[in-house]
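Okay, here's what each chain looks like letter by letter:
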Amino acid sequence: MRYQLIILLALLLAGACELEETNINPNDPTDVPVSVLLPGAQEATVEIMAEEAAVIAGIFSQYFEGVDNRAITVEAYLLDESFNMNPIWQDFYNGPLYSLNLIVDKAEEQNAPHYAGVAKVLLALNLGTLSSLWGDVPYTEAFSPEATFSPAYDGQEEIYGIVQQLLDEAIQDLNADDSSISPGDDDVIYQGDLGRWERTAFALKARFFMHTIKRDDMASAKALEAISKGFQGPGDGLVYPFGFTDAELNPWYQYFQNTPYIEIDPYFSDLLDELEDPRKDAYIRRSFGIERVGNYYASDDSPVPIITYAEQKMLEAEALVRTGQEGAEAALQEGVRANVQEVTGGIPEDELQAYLDAHAQYAAPMPPDETLREVDPVQYMMAQQDYQAAVADF
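In this text, all values refer to a predicted model and were calculated from it rather than measured experimentally.

Calculation criteria
Residues numbered from 1 in each chain as written. Predicted model: local features only at pLDDT ≥ 70, side-chain atom pairs only at ≥ 80, totals over all residues. Heavy atoms only, no water. Helix = DSSP H or I, 4+ residues; strand = E, 2+ residues; numbered from the N terminus. Expected span 1.5 Å × (residues − 1). Polar contact = N/O pair within 3.5 Å; in protein donor to acceptor, adjacent residues only side chain to side chain. Salt bridge = Lys/Arg side-chain N within 4 Å of Asp/Glu carboxyl O. Buried < 20%, exposed > 50% of the residue type's maximum accessible area, 1.4 Å probe, protein only. Contact = heavy atoms within 4.5 Å. Pairing = 2+ DSSP bridges. Phe/Tyr/Trp six-rings, centres within 6.5 Å; stacked < 30°, edge-to-face > 60°. Axes fitted to C-alpha atoms, helices over the stretch in contact; angles between N-to-C directions. Parallel < 35°, antiparallel > 145°, perpendicular 65-115°, else oblique. Left-handed = near helix turned anticlockwise from the far one by under 90°. Nonpolar A, V, L, I, M, F, W, Y, C, P; charged D, E, K, R; others polar.

## Points about helix α8 (residues 194–210)
Move 1: With 17 residues, α8 ought to run about 24 Å at 1.5 Å a step, and its terminal C-alpha atoms sit 25 Å apart, in line with that.
Move 2: The residue sitting at the N-terminus of α8 and contributing the capping side-chain oxygen is Asp193; that oxygen lies 3.2 Å from the backbone nitrogen of Gly195.

## Looking at the pattern of salt bridges
Any two side chains of opposite charge can pair, on the condition that their charged atoms come close.
Move 1: Within the structure shown, the criterion is met by 16 salt bridges.
Move 2: For Glu311, the salt bridge identified is with Arg207, shortest N-O distance 2.9 Å. Here the residue Glu311 occupies a position in helix α14 (residues 309–322), and Arg207 occupies one in helix α8, the gap between them amounting to 104 residues. Each member of the pair Glu311 and Arg207 is classed as buried.
Move 3: Residue Arg279 is joined to Asp277 by a salt bridge in which the shortest nitrogen-to-oxygen separation is 2.8 Å. The pair formed by Arg279 and Asp277 is uniform in burial state, with each residue classed as buried.

## Examining the side chain of Gln312
Move 1: Within the fold, Gln312 resides in helix α14.
Move 2: Judged by relative accessible area, which is 2%, Gln312 ranks as buried.
Move 3: A polar contact of 2.9 Å, which involves the side chain of Gln312, links it to the backbone nitrogen of Phe231.
Move 4: Not counting the four nearest positions on each side in its chain, Gln312 is found in contact with Ala203, Ile227, Gly230 and Phe231.

## Some remarks on the pairing of strand β7 (residues 290–293)
Move 1: Of the pairings in the sheet, the one linking strand β6 (residues 284–287) to β7 comprises 4 bridges and is antiparallel in character. Considered in β7, the bridge of Ser287 is made with Ile290.
Move 2: Connecting β6 to the antiparallel partner β7 that follows it, the hairpin turn spans 2 residues, and Phe288 within it adopts a positive phi of roughly 55°.

## What about the packing of aromatic side chains?
Move 1: Evaluation of the coordinates by the stated rule reveals 17 aromatic pairs.
Move 2: For the ring pair Tyr63 and Phe268, a centre distance of 5.2 Å and an interplane angle of 90° mean the geometry is edge-to-face. Here the residue Tyr63 occupies a position in the loop between α3 (52–60) and β1 (64–66), and Phe268 occupies one in helix α11 (residues 266–274), the gap between them amounting to 205 residues.
Move 3: You can call Tyr63 buried: its relative accessible area is 2%.
Move 4: Between Trp89 and Trp134 the ring centres are 5.2 Å apart and the planes differ by 75°, which places this aromatic pair in the edge-to-face class. A residue pair is termed long-range when its members are at least 10 positions apart, and Trp89 in helix α5 (residues 81–109) and Trp134 in helix α6 (residues 113–134) qualify at 45 residues.

## Points about the environment of Ile262
Move 1: Tracing the sequence through the fold places Ile262 in strand β5 (residues 262–264).
Move 2: In this structure Ile262 comes out as buried when scored by relative accessible area, which is 1%.
Move 3: Sequence-wise, Ile262 and Glu65 are 197 residues apart; in three dimensions their C-alpha atoms are separated by 5.5 Å.
Move 4: Leaving out residues up to four positions away in the same chain, Ile262 has contacts with Val55, Ile59, Phe64, Glu65, Gly66, Val67, Ala71, Trp252, Tyr255, Phe256 and Arg292.

## Here we look at the packing of helix α15 (residues 328–344) against helix α16 (residues 349–359)
Move 1: Two numbers describe how α15 lies on α16: the axes approach to 11 Å, and their chain directions differ by 135°. In terms of their interaxial angle, α15 and α16 are classed as oblique. Crossing handedness for the pair α15 and α16: right-handed. Here Gln333, Val336, Arg337, Val340 and Gln341 of α15 lie close against α16, whose contacting residues are Glu349, Leu352, Gln353, Tyr355, Leu356 and Asp357.

## Description of the packing of α8 against α14
Move 1: Two elements in contact, α8 and α14, have axes whose closest approach is 10 Å; the angle formed by their N-to-C orientations is 45°. One finds that α8 runs oblique with respect to α14. The handedness of the crossing between α8 and α14 is left-handed. The residues of α14 that touch α8, namely those facing Ala203, Ala206, Arg207 and Met210, are Glu311, Gln312, Leu315, Glu318, Ala319 and Arg322.
Move 2: Its residues assigned to classes, the contact of α8 with α14 shows 5 nonpolar, 1 polar and 4 charged.

No statement about biological role is implied by the geometric values presented.
This is the structure we're talking about:
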C-alpha cells in the first residue's frame, strides 16, 4: 500500500509539472529580444514623422491648408490640447521613445553596443523632434526605473544637449570592436550597415546644431564639423521603405485614404509655379480641382525620407554663410540638384542647370536674423521633409 501511495504521488507531481509547462502561452512572451523590438521601433519612428505632427507643422509652415475636421481648427491657429496635441504626445512616449530606451537597456545588458548605437541614433532623432515641437519636455525622469506619472520637464537647451550626447554615444557604440549580437535583416532601413548609421548620426548632429544658432554662436561651426563626417553622396540618407506587403502602406497614403483633412496651401503651390519648379508634379497631386500631397510622398509604397544628403547640403550651405566662409552656393546647388533628381526621377541636365542658375543662389552676406524662407525659397521648399526644421525656420 505504501508503494502504491508513493507511485500515486509521483504521478501527481509529474502531472503538475507538465500542467505548469502546458500553461505557458507562447503567444504571450515575458521578454522580447532586441532583434524583434528594432523593426517595430523603426516603423513607429517613421509613422510619427509622417502623420498628425507633420500635418500640424505643415499647416503652420504653409505647406498645407486645413480644410476639414480637426485640421481646420489648426488652420485658424486654434489648437485644442486634448483634441490636437495629446495624441501626438502619447504616440511619442508610448511608441518609439519607450521602445528605443528599452532596446538601449537590453543591448547594454547583453554587451551588444551595435544595437545600442542604432537605437541611440533613433532615440536622438525622436527626442530632438519632440523638443523641436514642444520645447521643454520630460526625459531624464520619464524612463527611469522609479516610475512616476509626473516626471520633471527638462529644458529645451538641456534636451538638445542630451540629443548630442546620445549621438556621440551612438557613434562610439557603432564603432565598437566587439558586440555580442549585431543588427542584420531586422534593421529595415540599413540592413545592419553600421557605417551608414554612423554617417546618419553625424548628419543628425548637424541638423540639431543648426536648431540652436540663435543660442550658440558656435552652432554653425559645430554643424560643419559634423557634416564633414556625415553623408557622402545622394545614395546616403535615412529613408524608410514601404511596400513589403499589402499591409505595409505609406502613412501619408493612409492619411488621405482615411482622413483627407488637408490640401496643399496656395502659398506653396503658387511658389512652385512662380519658380517653374520641376518637382511640382511629384510634390502635388491634382484631383477634381483639389491639390493634395503628391505621389513622391504619398503613394501607397512611397518611401519616407527622414534626413537626406540633400538636406545635409542645405545645412552646410547655411552654416557656411553664417560663418562667413566660401562654398555656400556650391553646397546649395549640390543639395538642390540631389533633391530634384531624387524627387523627379531625373530631368535633363540642361533643364536642371538652368533651374539652378536661376534659383539656387545665395545673396551673401546673410542678415543674422533673416529666416531661410525669406532668403531662399528653394530651401524652404526642401524643408518640407524635415517638418520640425520648417517650423524652427518659420
